[in-house]
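# Survey of secondary and tertiary structure
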Amino acid sequence: MNKNLYEIASLMKDASVGTDRVAMFAGKEVAQYTDQAIREAFFNILGEDKLTHAGWRNHKNEIFTIMEEVLNTNLPLVLEGANSPFYREFVDFRNVGLGDKNEFIVEDQSVIYAPSFAGNLWSTDRKKLPGKKSFTVDTEWIYVHLYDDLERFLKGIVTLPEMMAKMQQALTRAIDDRIATAFASASTYLPSEFVETGSYDKKTMSQLIERVELVSGTSVVLAGTRTALSNIQTGENSAWVAESAKQELATTGMVLDLTGLGVKAVQIPQSFIRGTYQFKVPNDEIFVLPNNDKFIKVVYEGDTRARELGYQDTIDQTLDAQIQTKVGVACVFSTLHGKYTIK
């Protein structure tokens with residue numbers, strides 16, 4: 001990768017994680033503005049101050065190299081939980097080279113839930129492992145298409161960082177889909193003693209917490225969406241609720257640190273089912289999960305690849321591009337957990 005490409009990729013990676021570093025080539029008058037620095041460096045590659053179809057044709061491979069470099073760096077940061085308490089709490093992440101063996105060691109009687117994903121499906125396979133064993137997570141290619149965004153980029157309506165942010169968000173959603181699929185299916189096979197359904201009741205939740213603590217031999221963490229966790233304070237006597245808990249509830253609409261149950265809670269990120277405005281993660285379920293059990297196994301092989309789909313691929317004169325990267329997801333619970341469905 002030549003110096004200009006490296007500098008642009010570095011700037012975009014820094015901008016995505018909120019750092020203030022700006023490369024020197026941008027000039028002193030714009031050194032404090034990362035987006036302007038990227039624009040100036042990008043124009044250095046093109047040799048002109050705008051992106052034309054001729055410029056795209058002559059420099060698209062350099063642009064694709066930037067995309068690949070940024071995604072190969074940024075996606076692992078997302079999967080490691082850089083901005084997600086839920087990921088930091090529950091995701092066991094491996095960043096391996098393409099084709100390298102990924103290996104996880106699981107304890108006796110662990111149960112694996114590996115999603116077989118072919119769209120909006122919630123059916124997954126499970127496999128019980130007797131004794132401490134190692135296993136690998138199957139990986140697959142995921143992709144995003146650039147069509148309208150690519151046209152807008154070529155017309156100067158959106159910048160390269162803006163287009164990259166959308167690509168990263170789309171790939172992250174695809175990974176979240178796989179995690180949600182495996183996670184949702186994991187509760188299907190729980191014993192009835194670890195499943196509660198009905199109006200939220202503090203005593204019922206306390207008993208469920210106690211069951212999971214006893215069977216796991218460790219403390220627990222509650223997990224649910226913002227809407228689900230807002231139910232926790234339903235059973236609380238307001239006269240006994242700490243002022244700090246009241247402040248947290250008034251500020252965020254839920255209580256994470258002072259739940260009144262002796263355990264903390266972690267918010268599960270919500271998202272829409274692809275192509276709809278329907279919530280993907282149920283808003284009526286609170287999970288009781290063993291603490292320090294990183295049951296979500298995510299493998300990132302990366303080797304992100306970008307390719308233009310030209311006239312011969314699209315038949316008409318529209319421009320399209322596809323970005324692919326390789327990941328794998330499975331859920332492995334080393335012990336039982338609980339689920340409370342609030343009706």
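## Topic: the overall build of the chain
A count of helices and strands for the chain gives 10 helices and 13 strands. Residues counted as buried form 48% of the 343 residues belonging to the chain. When contacts within the chain are restricted to residue pairs at least 6 apart in sequence, those whose partners lie at least 24 apart make up 73%. Carbon and sulfur atoms make up 48% of the accessible area of the chain, which amounts to about 17400 Å² in all.

## Let's talk about the environment of Val215
Assignment of secondary structure puts Val215 in helix H7 (residues 202-216). Among the residues examined, Val215 registers a relative accessible area of 38% and is labelled partly exposed. For the pair Val215 and Thr335, spaced 120 residues apart in sequence, the C-alpha separation works out to 7.3 Å. Every residue in contact with Val215, bar those within four places of it in the chain, is listed here: Phe194, Thr335 and Leu336.

## Some details on the pattern of salt bridges
Tallying each qualifying case throughout the model produces 10 salt bridges. The salt bridge involving Lys280 is made with Asp177; its shortest N-O contact spans 3.1 Å. Note that Lys280 is positioned in the loop between strand E9 (265-267) and strand E10 (285-290) and Asp177 in helix H6 (residues 160-186), a separation of 103 residues in sequence. A single salt-bridge network, built from bridges that share partners, covers Asp92, Arg94 and Lys297.

## Some points on the environment of Tyr300
As for its position among the elements, Tyr300 is in strand E11 (residues 296-309). On a C-alpha basis, the gap between Tyr300 and Gly97 in space is 8.1 Å, while along the polypeptide they are 203 residues apart. If we ignore the near neighbours within four places in the chain, the residues touching Tyr300 are Leu71, Asn72, Leu75, Pro76, Leu79, Phe93, Arg94, Asn95, Val96, Thr325, Lys326 and Val327. A distance of 3.2 Å separates polar atoms of two side chains, one belonging to Tyr300 and the other to Asn72. Within the local environment of Tyr300, its side chain forms a polar contact with the side chain of Thr325, the two groups lying 3.1 Å apart.

Conventions adopted
- Residues numbered from 1 in each chain as written.
- Predicted model: local features only at pLDDT ≥ 70, side-chain atom pairs only at ≥ 80, totals over all residues.
- Heavy atoms only, no water.
- Helix = DSSP H or I, 4+ residues; strand = E, 2+ residues; numbered from the N terminus.
- Buried < 20%, exposed > 50% of the residue type's maximum accessible area, 1.4 Å probe, protein only.
- Contact = heavy atoms within 4.5 Å.
- Areas by Shrake-Rupley, 256 points an atom, 1.4 Å probe, with all protein chains shown as cover.
- Salt bridge = Lys/Arg side-chain N within 4 Å of Asp/Glu carboxyl O.
- Polar contact = N/O pair within 3.5 Å; in protein donor to acceptor, adjacent residues only side chain to side chain.

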